[in-house]
Amino acid sequence: MIDDSRFIRCHTCEAVNYDNIEEELLCRRCKCQIHQPLYISYHKTWAYLITAIILYIPANLYPILITKKFGIEKASTILGGIIHLWEAGSYPIALIILVASVFVPLLKFIFILYLLISTKYNLHSSKVDKHKLFYITEAIGPWSMIDVFVVIILSVLIHFSGVQIFPGVGATAFALMVFFTMLSALSFDTKLIKKEDI
Amino acid sequence: MLTDKELDNFIICKKCNTLHKKIPLHQGGKALCSKCNTFIYKRDNNMLEKSLALVVTALISLSVAFTFTIITININGLSKSLSLLSLFDVLLEHHQYIVGIMFLFLTVLFPFMMLSSMFFVLFFIKIEKYGYAIKRLLILLSHIQHWNMLDIFFISLLVAMVKLFDYAKIEFGVSFLALLLTLILELMVTKNINFDTLWQKYNNIYGEDNDR
Ligand SMILES: [Zn+2]
Ligand SMILES: [Zn+2]
């Protein structure tokens, strides 16, 4: 049996490489960087994560959708929209939006925070679980864009002289929040899980 | 130390990071991770041809999806259509530049780039030429993959339609079907294509000296 910990998977071409303790490692096959010096990846992940968390505030406070009915504007935030849908009886849609725009971003924040803190302080938990957690974090990320896309689609379809729907500032903040959360997950280096001491 | 050739006989599960030694499979056989049961690789001698056919069809279907009307709604005699063009018209009119640019990249450019790079990679490997381009495109592909949000756009479309269902009559356009077809084809391509094999084929074409 070969010792697992001596090998690392290239994210770009999936090739198995010998891991090194050096600062930087290039893939033997595609010559792409497998990992940067670890502290860079660690700080990048933090920077993107903090940006995303800050953007999460305006994304929720500012209206994501504005309805203009005969000159009168009505703004609704993400949570407001979900409550409105729930009261109107559209439970499935309310649930989809609740999960996609509220729970998924929060879960991603918590997962990445947990990964960063637990790898930094060697918290006792299985490395396999951390790899799985990271995999899930990457996979669920894009789904939070649903609400922004729905607003875009509605603003195209409800575009009459009397009634109009258009995206508010919250939509921009939200889209940027998703973007930075994805960057944060992508810059997290799975080698941090393995090394557990930086 | 193992040589590169020997290292190619190993594979690491992308989900749980477990190292596996590849075992020979019969045609059509699949290998799953011994720890987490995730699909790792399969043997398919016709992978190249199959993927090529799927990618070409998906590209045509995607072009159709972005050319014609996706859906049309009708409220009390007033009708509005959703197409790619009307979408950007409205976004520009409301000065939603950041959202507009993100939409352009996530649902239009990246899906197109993904499918067309796949086409060129498969085609170049098939004719065994342009090794350098194969390499650049394979690297590009691994980066764009995370950012293709065509599927999420489609789900959003369904959500928007359910929201409008009560007070509008909804008609499906040609592009709605094309969009659905593209997504199904894209799913089939991702199931079919094996990047590890493509990289190995690239190495075979280009030889060991692939630094050029
Ligand atoms: Zn590589
Ligand atoms: Zn596994």
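Now for a description of the structure that goes with this document. Note that this is a predicted model, so its numbers are computed, not measured.

**Describing the coordination of the zinc ion (ligand 2)**
All names here are of chain B. All of the protein donors around the zinc ion (ligand 2) are Cys 13 (SG), Cys 16 (SG), Cys 33 (SG) and Cys 36 (SG); their distances to the metal are 2.2 to 2.3 Å. Angles of 107 to 115° at the metal separate the four donor atoms of the zinc ion (ligand 2), which places the site in the tetrahedral class. Taken in sequence order, the residues that donate to the zinc ion (ligand 2) follow the motif C-x2-C-x16-C-x2-C. Of the two residues, Cys 16 sits in the loop between strand E1 (10–12) and strand E2 (19–21) while Cys 36 sits in the loop between strand E3 (30–32) and strand E4 (39–42), which places them 20 residues apart along the sequence. The exposure classification of Cys 16 matches that of Cys 36, with both residues buried.

**Some remarks on the coordination of the zinc ion (ligand 1)**
Residues and elements named next belong to chain A. Taken together, Cys 10 (SG), Cys 13 (SG), Cys 27 (SG) and Cys 30 (SG) make up the protein donors of the zinc ion (ligand 1), found 2.2 to 2.4 Å from the metal. Considering all four donor atoms around the zinc ion (ligand 1), angles at the metal cover 105 to 115° and the coordination shape is tetrahedral. Going along the chain, you hit the donors of the zinc ion (ligand 1) in the pattern C-x2-C-x13-C-x2-C.

**Focus on the side chain of B:Thr182**
Tracing the backbone shows B:Thr182 in helix H7 (residues 174–192). In contact with B:Thr182, other than residues within four places in its own chain, are B:Ala58, B:Ser61, B:Leu62, B:Leu115 and B:Leu150.

**Let's talk about the nonpolar core**
Among the nonpolar cores identified, the biggest contains 123 residues, and A:Met145, B:Leu82, B:Leu157 and B:Leu198 are the most heavily contacted of them. It is helix H4 (residues 97–127) of chain B that contributes the most residues to this core, 13 residues altogether. Excluding its chain neighbours within four sequence positions, the residues that come into contact with B:Leu198 are B:Met47, B:Leu48, B:Val121, B:Leu122, B:Ile125, B:Leu138 and B:Ile193. Residues B:Ile11, B:Cys13, B:Leu25 and B:Ile40 belong to the second largest nonpolar core, which totals nine residues.

Thresholds applied
Residues numbered from 1 in each chain as written. Chains lettered and ligands numbered in written order. Predicted model: local features only at pLDDT ≥ 70, side-chain atom pairs only at ≥ 80, totals over all residues. Heavy atoms only, no water. Donors = N, O, S within 2.8 Å, 3.2 Å for Na, K, Ca; no water. Tetrahedral: all angles 85-135°; square planar, octahedral: opposite > 155°, others 65-115°. Helix = DSSP H or I, 4+ residues; strand = E, 2+ residues; numbered from the N terminus. Buried < 20%, exposed > 50% of the residue type's maximum accessible area, 1.4 Å probe, protein only. Contact = heavy atoms within 4.5 Å. Core = buried A, V, L, I, M, F, W, Y, C linked by side-chain atoms within 4.5 Å.

Don't take any of this as a statement about function, it's just geometry.
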